[in-house]
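What follows is each chain in one-letter form.
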Amino acid sequence: MDGKSPAVTPAVRSLFEPDLKYQYSGGGTTISQVILTDLTGQAYDAWMYENVLKPIGMVNSTYAQPPSKDKRRLCASAYLPDGTPIAGKFHVYPEQAAAGLWMTPSDLCQYIIDMQLAQQGKASKVLSRKW
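Within each chain, residues carry numbers counting from 1 in the order of the written sequence. Confidence filtering applies because this is a predicted model: local features only for residues at pLDDT of at least 70, side-chain atom pairs given and counted only at 80 or more, and all residues used for totals across whole chains, interfaces and linings. Note that the side-chain values use all heavy atoms of the structure and ignore hydrogens as well as water.

Undergrad: What's the story with the packing of aromatic side chains in this structure? I'm lost.
TA: The relation between two aromatic rings is expressed through the spacing of the ring centres and the mutual angle of the planes. Only Phe, Tyr and Trp rings take part, Trp by its six-membered ring, and two of them pair if their centres are within 6.5 Å. Stacked means planes under 30 degrees apart, edge-to-face means over 60, and tilted covers everything else. Under the counting rule described, the total for this entry stands at two aromatic pairs. Between Phe90 and Trp102, the ring centres sit 4.8 Å apart and the planes meet at 65 degrees, which makes this aromatic pair edge-to-face. You can see Phe90 sitting in the loop between helix 3 (69–72) and helix 4 (96–99) and its partner Trp102 sitting in the loop between helix 4 and helix 5 (105–119), a full twelve residues away along the chain. Per residue, the accessibility class of Phe90 equals that of Trp102, and both read buried. Starting at the N terminus, helices and strands are each numbered in turn, a helix being any DSSP run of H or I of at least four residues and a strand any DSSP run of E of at least two. Residue burial is assigned from relative accessible area. The probe radius is 1.4 Å, only protein chains are included, and a residue is buried under 20% of its type maximum, exposed over 50%, and partly exposed in between.

Listed below in structure tokens is the structure:
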């Protein structure tokens, strides 16, 4: 949270008061990751797989950083602007919640279907329309 290695971003700090305006915050998303791991006592990638990804049917997805060897075959290579593949095939980010989800196109479809069901008030595997 303080922007120290292995983080690749500056320190996480509030820029304005809550409810003043909406702005995506990778740092705020990382704070939610820390809260979840503190409350559950489980690794973020393991909890998310068992409680979100697997129930939705996203069985080829992971938040593990780096992805396990059996999942790496599913990972696309990253490329530099000149078209050269990056060393090691892809970047690894310590911010799992904000930048660490690996998924296949089929798993993305499972996610979209489940979110559409929830939005329609129909049976979703992980969400309820009750707020």
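Back to the text.
Undergrad: Looking at this structure, I do not really get the environment of Leu108. What am I missing?
TA: Counting through the fold element by element, Leu108 comes out in helix 5. A C-alpha to C-alpha distance of 16 Å links Leu108 and Leu127, two positions 19 residues apart in sequence.

Undergrad: What's the story with the pattern of salt bridges in this structure? I'm lost.
TA: Pairing of side chains with opposite charge becomes possible as their charged atoms draw close. Salt bridge, as used here: a side-chain nitrogen of Lys or Arg that lies within 4 Å of a carboxyl oxygen of Asp or Glu. One pass over the structure, following the stated rule, counts two salt bridges. Two residues, Arg13 and Asp2, come together in a salt bridge whose shortest N-O distance is 3.1 Å. Residue Arg13 is located in the segment before helix 1 (26–40), and its partner Asp2 is located in the segment before helix 1; the two are separated by eleven residues in the primary sequence. One salt bridge connects Lys54 with Glu50, and the closest N-O pair in it is separated by 3.8 Å. Here Lys54 and its partner Glu50 are both found in helix 2 (residues 44–56), four residues apart, which amounts to about one turn of the helix.

Undergrad: What is the right way to read helix 1 from this model?
TA: The α-helix winds at 3.6 residues per turn, so residues separated by three or four positions along the chain end up facing the same way. Here helix 1 spans 21 Å end to end across 15 residues, near enough to the 21 Å set by a 1.5 Å rise per residue. Three or more residues of helix 1 are buried, namely Gly27, Thr30, Gln33 and Leu36. Those residues of helix 1 hidden inside the fold are in contact with helix 2 and helix 4. Directly beyond the C-terminal end of helix 1, a positive phi value near 70 degrees is found at Gly41. A helix is expected to reach a length of 1.5 Å times the quantity of its residues less one. Note on contacts: a residue pair is in contact if any heavy atoms of the two residues lie within 4.5 Å.

Undergrad: I would appreciate a short explanation of unusual backbone geometry in the present structure.
TA: Most of the time, phi is negative for any residue but glycine, and the peptide bond is trans. Following Gln65, the chain continues into Pro66 via a peptide bond in cis, with omega recorded as -5 degrees. Located in the positive-phi region is Lys89, a residue other than glycine, with phi close to 80 degrees.

Undergrad: Whenever I open this one, a nonpolar patch on the surface confuses me. Can you help?
TA: By definition, no residue in a patch forms a salt bridge, and every one has over 30% relative accessible area; like charges are joined within 9 Å, nonpolar side chains (Val, Leu, Ile, Met, Phe, Trp, Tyr) within 5 Å. Here the Shrake-Rupley method, with its probe set to 1.4 Å, supplies the accessible areas, and only the displayed protein chains count as covering residues. On the surface, a nonpolar cluster with roughly 450 Å² of combined accessible area is contributed by Met1, Ile31, Val34, Ile35 and Leu39. We classify Val34 as partly exposed; its relative accessible area is 34%.

Undergrad: I tried to follow helix 5 on my own but got confused; where do I start?
TA: An ideal rise of 1.5 Å per residue puts 21 Å on 15 residues; helix 5 measures up with 21 Å between its terminal C-alpha atoms. Close packing links the buried residues of helix 5 with helix 2. One or two steps after helix 5, the chain reaches Gly121, where phi turns positive at roughly 80 degrees.

Undergrad: Sorry, what's going on with the nonpolar core here?
TA: What tends to happen in soluble globular proteins is that the nonpolar side chains get buried as a cluster. Counting residues in each nonpolar core, the largest one holds eight residues, listed as Leu36, Tyr44, Met48, Leu53, Ile56, Met58, Tyr63 and Ala97. Among the elements that make up this core, the one with the highest residue count is helix 2 (four residues). Think of a nonpolar core as a cluster: buried Ala, Val, Leu, Ile, Met, Phe, Trp, Tyr and Cys residues, connected wherever their side-chain atoms sit within 4.5 Å.

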